[in-house]
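Spelled out from the first residue to the last, the chains are:
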Amino acid sequence: MSDSTCDAACPGKLSRQPLSLQNKATSRAHSLICQSYQGLESYRLKLNISLSFDNPPVSPFSLSKAKQNLWEKMVLETLNPMHYNLSSLVPDTVPVATVPILILMFFLFLIWNHEETSSIPGKLTSALSVFLVCFSNAFIIKTFKYVKGTTGNVKHCTFCQAKSASQRFRATINVRLKSLCAIYETVFCSGLFSPCFFPRSSSVFHVMKHWHYVSRFGSKLGLQCIGMYENGIIFNNNPAHWKEIRPFFTKALSGPGLVRMIAICVESTIDHLDRLEEVTTEVGNINVLNLMRRIMLDTSNKLFLGIPLDEHAIVLKIQNYFDAWQALLLKPDIFFKISWLCKKYEEAAKDLKGAMEILIEQKRQKLSTVEKLDEHMDFASQLIFAQNRGDLTAENVNQCVLEMMIAAPDTLSVTLFFMLILIAEHPTVEEEMMREIETVMGDRDIQSDDMPNLRIVENFIYESMRYQPVVDLIMRKALQDDVIDGYPVKKGTNIILNIGRMHKLEFFPKPNEFSLENFEKNVPSRYFQPFGFGPRGCVGKFIAMVMMKAILVTLLRRCRVQTMKGRGLHNIQKNNDLSMHPIEQQPLLEMVFTPRRNTKKNQDD
């Protein structure tokens, strides 16, 4: 059938568009977000989408919903295969056996994610959202429209040259719409795929301060696989269990532990700088991310567990565990029924959990033989004795120790890595910091009394976390009906707080620039929440600041850092799934460390 014949046979067919439209989909999608009410109307006319504006939205939330509805329609219409000549993209033969399997899988996904339609800002129709979240390469949008029941009267077009319905179906599911990948990434980062998206400071403040938002959400099977389902503290979504466990973390991460951590960080940083050959590449550059992970693991072990371990092996296990964590957190139940899909993640989780169980058992044996328990009463010891009293299960003890050991190597190591890149990018900032360090400390290493006097260093840490956050999304679940900024939220609603976006929308004089001017004046807490606050705020936020200050100052006093070929943060490829991480195995993760000659240690050397 020729194109003209097909056109004649399709009286209701939309006019054919050039394939270049596919490449413009992302830019269209991005610009649509920024449009006013008039802009939305103009896009509606361009795309020939019927959307009533008889009662124009007047509130930000209703406007967001109008944008959201138009978004979904625009994406589906713009990427509709009927707009293009797709015959050249469709393979001639597709295994017939794949058709019923794919149909079954899509119906299972639809059933699994069935829920009532929600008008929460930022929430797309549930089936479409889950499909795009689970399959970010999203290559069968037209078929999914059909399964979802929104196709209506199916129009004939060029790709309908296949003679039978099954052939048309197979042709449809094999059309790869590459631009949809970029649109998915853009929309997801903008919050449109989040269950309930609130980027405003007033909304974030409201959610964080109330107890009926202390629960988090995630796939039950995914959390069970990594050991976090109703265990530990990070993603324990059982408020009662979480309340029982949190005091153990609070005690370990405050008080005497803060003071001890300063000396531990200084000692560990110096020790690892003396052993830089372990993280030095063949060409003489430093794998800084690996170095930071080793320092963080060592400091965490010395303060919380106190058992010798293989740093290199455990760091690799933590990386694999984190990959499993972010991969499984939001997966549907059907994913776990397909063993080959989740096998590697299950093995990664078991690998780290097994290693931690061995270390904890060694801790038990050590406690049973020591004469003075007071000298060994750390975080792991407290948990072990709680288990002996019957307050905690062995599984919970193991998971709590695991989470305490991975928290710093996972997030703080990446945070410090980004900070070192920013220091190399901004030499004037480095000069300001070094003048302050020399003024406050002279030739000695940092001590607890120095912490409040290092204001420029502190502002640099804050600005780094604002400008390049590692954790920019906070996930919560509403435990009761509520109203957020005038918008009703039902019990059970999953909420994502985009604090990273909030930090670039309100208050700061230079929100899109890296500048210490953003923290020259005191910043109200409601506008800057890198650790969160309230009942479920980060329990380790104080010790995290102590660790970052101590490690950063100790390193800068001994080394000047430079990036490869003068490149900066924007050159580094990153992933932002569960948190922001640089993509591994890229040369830009390497840096050059040049020893300084103004410290007593280096002069003696």
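Residues numbered from 1 in each chain as written. Predicted model: local features only at pLDDT ≥ 70, side-chain atom pairs only at ≥ 80, totals over all residues. Heavy atoms only, no water.

A.B. asks: Quick question: what am I supposed to make of the pairing of strand β6 (residues 494-498) here?
C.D. replies: Here is the key point about a regular strand: its side chains alternate between the two faces of the sheet. The buried fraction of β6 amounts to 4 of the 5 residues, a majority that puts the element mostly inside the structure. Where strand β3 (residues 473-477) lies against β6, 5 bridges are found, and the strand directions are antiparallel. Bridged to arginine 476 within β6 is isoleucine 495. (Buried < 20%, exposed > 50% of the residue type's maximum accessible area, 1.4 Å probe, protein only. Helix = DSSP H or I, 4+ residues; strand = E, 2+ residues; numbered from the N terminus. Pairing = 2+ DSSP bridges.)

A.B. asks: Explanation requested: helix α20 (residues 427-441) in the structure shown.
C.D. replies: Each full turn of the α-helix corresponds to 3.6 residues, which orients residues three or four apart in the same direction. Spanning 15 residues, α20 covers 21 Å between terminal C-alpha atoms, matching the ideal 21 Å at 1.5 Å per step. Within the sequence span of α20, burial applies to Val429, Glu430, Met433, Met434, Glu436, Ile437 and Met441. Buried residues of α20 fall within an arc of 165 degrees about the axis and therefore sit on the same side. Opposite the packed face of α20, turned more than 90 degrees from it, sit the exposed residues Thr428, Arg435 and Thr439. Buried residues along α20 sit against α19 (394-425), α21 (455-467), α23 (541-558) and β7 (559-563). Downstream of α20 by a residue or two, glycine 442 has a phi angle that is positive, lying close to 65 degrees. (Expected span 1.5 Å × (residues − 1). Arc of directions from axis to C-beta. Contact = heavy atoms within 4.5 Å.)

A.B. asks: What is the right way to read the side chain of arginine 466 from this model?
C.D. replies: For arginine 466, the location among the structural elements is in helix α21. Exposure remark for arginine 466: the relative accessible area of 0% places this residue in the buried category. Within polar-contact distance, the side chain of arginine 466 engages the side chain of glutamate 463 at 2.9 Å. With residues near it in sequence (within four places) discarded, arginine 466 still touches His503, Lys504, Phe508, Lys510, Pro511, Glu513, Asn518, Phe519 and Phe528. (Polar contact = N/O pair within 3.5 Å; in protein donor to acceptor, adjacent residues only side chain to side chain.)

A.B. asks: So what exactly am I meant to see when it comes to the sheet that holds strand β2 (residues 286-287) here?
C.D. replies: Pairing between the strands of a sheet is mediated by backbone hydrogen bonds and can be parallel or antiparallel. Read across the open sheet, the 3 strands follow the order β2-β10-β7; overall the sheet is antiparallel. Both outer strands of the open sheet, β2 and β7, are each paired with one neighbouring strand and no more. Sheet topology places β7 next to strand β10 (residues 590-595); 5 bridges connect them, and they run antiparallel. Counterpart to glutamine 562 in the pairing with β10 is valine 592. Along the sheet face, α19 touches β7 and β10 and points at about 85 degrees away from the line of β7. (Axes fitted to C-alpha atoms, helices over the stretch in contact; angles between N-to-C directions.)

A.B. asks: Just to check I follow, could you spell out the nonpolar core for this structure?
C.D. replies: Where a protein is soluble and globular, its nonpolar side chains tend to be buried together. Trp325, Phe379, Phe460, Leu552 and Phe593 are the most contacted members of the largest nonpolar core, which has 123 residues in total. When residues of this core are assigned to their parent elements, the largest contribution, 18 residues, is made by α19. Setting aside its immediate chain neighbours within four residues, tryptophan 325 contacts Ile226, Met228, Ile234, Phe235, Ile406, Asp410 and Leu578. Within the second largest apolar cluster, 13 residues are counted, among which are Val204, Met208, Leu497 and Met502. (Core = buried A, V, L, I, M, F, W, Y, C linked by side-chain atoms within 4.5 Å.)

A.B. asks: Sorry, what's going on with the packing of helix α16 (residues 311-328) against helix α17 (residues 339-369) here?
C.D. replies: Between two packed helices, both the angle of their axes relative to each other and the distance between the axes serve to describe the pair. Between α16 and α17, the shortest axis-to-axis distance is 8 Å and the interhelical angle comes to 135 degrees. Accordingly, the angle class assigned to the pair α16 and α17 is oblique. In this structure, α16 crosses over α17, and the sense of that crossing is left-handed. Counted together, Ile314, Lys317, Ile318, Asn320, Tyr321, Asp323, Ala324, Ala327 and Leu328 of α16 and Tyr345, Ala348, Ala349, Asp351, Leu352, Ala355 and Met356 of α17 form the full contact between these two elements. The class makeup of the residues in the contact of α16 with α17 is 12 nonpolar, 1 polar and 3 charged. (Parallel < 35°, antiparallel > 145°, perpendicular 65-115°, else oblique. Left-handed = near helix turned anticlockwise from the far one by under 90°. Nonpolar A, V, L, I, M, F, W, Y, C, P; charged D, E, K, R; others polar.)

A.B. asks: Would you mind going over the confidence of the model for the chain with me for this structure?
C.D. replies: Detailed reading of the predicted model is not advised wherever pLDDT is low. Considering every residue of the chain, the mean pLDDT works out to 75; 66% of them sit at 70 or more. Scored below 50 in pLDDT, residues 74-94 shows 55 contacts in the model against residues more than four places distant or in partner chains. Counting interchain partners and residues more than four positions distant, the pLDDT-below-50 stretch residues 601-605 has 9 contacts. (pLDDT = per-residue confidence, 0-100.)

A.B. asks: Looking at this structure, how should I read the packing of aromatic side chains?
C.D. replies: For any pair of aromatic rings, the description consists of the separation of the ring centres together with the inter-plane angle of the planes. Counted under the stated rule, the structure contains 17 aromatic pairs. A ring pair is formed by phenylalanine 508 and phenylalanine 519, whose centres lie 5.4 Å apart and whose planes are at 50 degrees; its orientation type is tilted. Of this pair, phenylalanine 508 sits in the loop between α22 (499-502) and α23 while phenylalanine 519 is found in the loop between α22 and α23, placing the two residues 11 residues apart along the sequence. Both residues of the pair, phenylalanine 508 and phenylalanine 519, count as buried. One aromatic cluster in this structure is built from Tyr462, Phe507, Phe508, Phe519, Tyr527 and Phe528. The ring of phenylalanine 235 carries arginine 216 above its face, with NZ or CZ at 5.3 Å from the centroid. Sitting above the plane of the phenylalanine 508 ring, arginine 466 keeps its charged end 5.2 Å from the centroid. (Phe/Tyr/Trp six-rings, centres within 6.5 Å; stacked < 30°, edge-to-face > 60°. Lys NZ or Arg CZ within 6 Å of the ring centre and 35° of its normal.)

A.B. asks: Help me understand the pattern of salt bridges, please; the structure alone is not making it clear to me.
C.D. replies: Pairing between side chains becomes possible if they bear opposite charge and their charged atoms approach one another. For the structure shown, the criterion picks out 18 salt bridges. Each member of the salt-bridge network shares a partner with another, and the members are Asp271, Arg275, Glu278 and Arg294. (Salt bridge = Lys/Arg side-chain N within 4 Å of Asp/Glu carboxyl O.)

A.B. asks: Looking at this structure, I do not really get the environment of proline 535. What am I missing?
C.D. replies: You can see proline 535 is positioned in the loop between α22 and α23. When near neighbours in sequence (up to four residues on either side) are disregarded, proline 535 contacts Met208, Lys209, His210, Trp211, Val214, Trp242 and Arg246.

A.B. asks: So what exactly am I meant to see when it comes to the environment of valine 401 here?
C.D. replies: Tracing the sequence through the fold places valine 401 in helix α19. Taking the relative accessible area as the measure of exposure, valine 401 reaches 2% and is therefore buried. Taking the C-alpha atoms as reference, valine 401 lies 8.0 Å from phenylalanine 304; in sequence the two are 97 residues apart. Apart from residues no more than four positions distant in its own chain, valine 401 is found in contact with Leu305, Ile360, Phe379, Ala380 and Leu383.

A.B. asks: For this particular structure, what's the right way to read the packing of helix α14 (residues 256-273) against helix α15 (residues 288-304)?
C.D. replies: Interhelical geometry of α14 versus α15 gives an angle of 140 degrees and a closest axis separation of 9 Å. Here α15 runs oblique to α14, going by the angle between their axes. The crossing of α14 and α15 is right-handed. Residues Gly257, Arg260, Met261, Ile264, Cys265, Glu267, Ser268, Thr269 and His272 of α14 form the contact with α15, whose participating residues are Leu291, Arg294, Ile295, Asp298, Thr299, Lys302, Leu303 and Phe304.

A.B. asks: Looking at this structure, how should I read α15?
C.D. replies: With 17 residues, α15 extends 24 Å between its outermost C-alpha atoms, agreeing within 8% with the 24 Å of an ideal straight helix rising 1.5 Å per residue. Summarising burial for α15: 16 of the 17 residues are buried, a large majority. At the C-terminal side of α15, glycine 306 shows a positive phi close to 75 degrees.

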